[in-house]
Amino acid sequence: MPYRTEAKLFQDGDFTSHAGLPLKWKLECDAISPNEWRCIAKMIMDFQTEPFRAAVGIPRGGAPLGFALNAYATDNPNHKLLICDDVYTTGTSFKEYCEEHEHTDVYKWVLFSRVQAKDLKYGVRALFTMPGVAQ
């Protein structure tokens with residue numbers, strides 16, 4: 001699993017999202033340790049009430065979360081898959097991954113969303129989301 005102790009979780013600069021959008025900051029989840037991923041998976045399981053047969057992380061950012069969530073998988077082929085990723089910006093990664101692998105009826109989780117919960121698409125749920133615009 002990627003884990004770089006020198007990585008910083010919060011980074012400012014000029015970045016480009018998976019969907020090609022310019023970003024002024026990013027969350028570098030390679031900075032999250034395996035123990036922290038296990039804790040994050042436990043947090044998600046407070047909200048993922050339905051069983052799932054396996055967790056699959058969208059390469060590459062979702063792999064550590066998928067690995068951690070598999071501790072809760074049932075291996076029961078009658079249960080749905082859970083697809084996960086580290087950061088949601090537009091949902092393009094979820095859309096492309098699920099289309100490519102023909103996943104239509106799956107649970108979807110992300111650690112951080114760069115949009116509000118109400119703006120998440122494709123059935124994705126986020127553990128942490130951005131607040132609304134300040135008034």
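Up top you'll find the structure we're talking about.
Residues numbered from 1 in each chain as written. Predicted model: local features only at pLDDT ≥ 70, side-chain atom pairs only at ≥ 80, totals over all residues. Heavy atoms only, no water.

(A) Local environment of the overall build of the protein chain. Counting secondary structure elements, the protein chain contains 3 helices and 6 strands. N-terminal to C-terminal, the α/β element order of the protein chain is β-β-α-β-α-β-α-β-β. Over its C-alpha atoms the protein chain spans a radius of gyration of 15 Å, differing by no more than 12% from the 14 Å that the globule rule assigns to 135 residues. Expressed along its principal axes, the backbone C-alpha trace of the protein chain runs to roughly 45 × 30 × 30 Å. (Helix = DSSP H or I, 4+ residues; strand = E, 2+ residues; numbered from the N terminus. Rg over C-alpha atoms; globule rule 2.2 N^0.38 Å.)

(B) Summary view of the environment of L27. By the secondary structure assignment, L27 is in strand β2 (residues 22-27). Under the relative-accessibility criterion, L27 is labelled buried at 11%. Put simply, L27 and M43 are 16 residues apart on the chain and 19 Å apart in space, counted from C-alpha to C-alpha. Sequence-distant contacts of L27, defined by excluding residues within four places in its chain, comprise L9, F10, V87 and F112. (Buried < 20%, exposed > 50% of the residue type's maximum accessible area, 1.4 Å probe, protein only. Contact = heavy atoms within 4.5 Å.)

(C) Summary view of the layout of surface pockets. Roughly 560 Å³ of internal volume is contained in the largest pocket. For the lining of the largest pocket, the secondary structure elements donating two or more residues are β1 (10-16), β2, β4 (80-88) and α3 (92-100). Among the elements that line the lining of the largest pocket, the one with the most residues is β4, at 4 residues. Its residues placed into classes, the lining of the largest pocket shows 10 nonpolar, 9 polar and 7 charged. (1 Å grid on protein atoms, 1.4 Å probe; cavity = no way out; pocket = protein on both sides within 12 Å on 5 of 7 lines; lining within 4 Å. Points joined across faces, edges and corners; volume = space filled by probe spheres on them. Nonpolar A, V, L, I, M, F, W, Y, C, P; charged D, E, K, R; others polar.)

(D) The side chain of Q48, seen in detail. With respect to the element layout, Q48 can be found in the loop between α1 (34-45) and β3 (52-57). Relative accessible area serves as the criterion here: at 4%, Q48 is assigned to the buried category. From its side chain, Q48 meets the backbone oxygen of E50 in a polar contact 2.9 Å long. Each residue touching Q48, except ones within four places of it in the same chain, is listed here: L82, Y107, W109 and R125. (Polar contact = N/O pair within 3.5 Å; in protein donor to acceptor, adjacent residues only side chain to side chain.)

(E) Geometry of the nonpolar core. Formed by 21 residues in total, the largest nonpolar core has its most connected members in W37, I40, L69, L82 and L111. Counting only elements with at least two residues in this core, the list comes to α1, β3, α2 (63-69), β4 and β5 (107-113). Among all residues touching L82, those that are not within four sequence positions of it are Q48, F52, A54, A55, V56, L69, Y107 and W109. Formed by 13 residues, the second largest nonpolar core is a distinct cluster that contains L81, I83, Y88 and V124. (Core = buried A, V, L, I, M, F, W, Y, C linked by side-chain atoms within 4.5 Å.)

(F) Structural context of the pattern of salt bridges. This structure, assessed with the given rule, holds 5 salt bridges. Here D119 and K118 are joined by a salt bridge, their closest N and O atoms 3.3 Å apart. (Salt bridge = Lys/Arg side-chain N within 4 Å of Asp/Glu carboxyl O.)

(G) Here's a closer look at the packing of aromatic side chains. What the rule picks out here adds up to 2 aromatic pairs. Consider the rings of Y88 and F94, whose centres lie 6.5 Å apart with planes at 35°: the pair is tilted. Of note, R114 hangs over the ring of W25, and the distance from its end group to the ring centre comes to 3.7 Å. (Phe/Tyr/Trp six-rings, centres within 6.5 Å; stacked < 30°, edge-to-face > 60°. Lys NZ or Arg CZ within 6 Å of the ring centre and 35° of its normal.)

(H) View of α3. Here α3 has its buried residues at S93, F94, Y97 and C98. Looking straight down α3, one finds its buried side chains confined to an arc of 115°; they lie on one side. For α3, the exposed residues set more than 90 degrees away from the buried face come down to E99 and E100. Each element contacted by the buried residues of α3 is listed here: β3, β4, β5 and β6 (124-128). Just past α3, the residue E102 takes up positive phi, approximately 55°. (Arc of directions from axis to C-beta.)

By themselves, these are just geometric observations and shouldn't be taken as functional.
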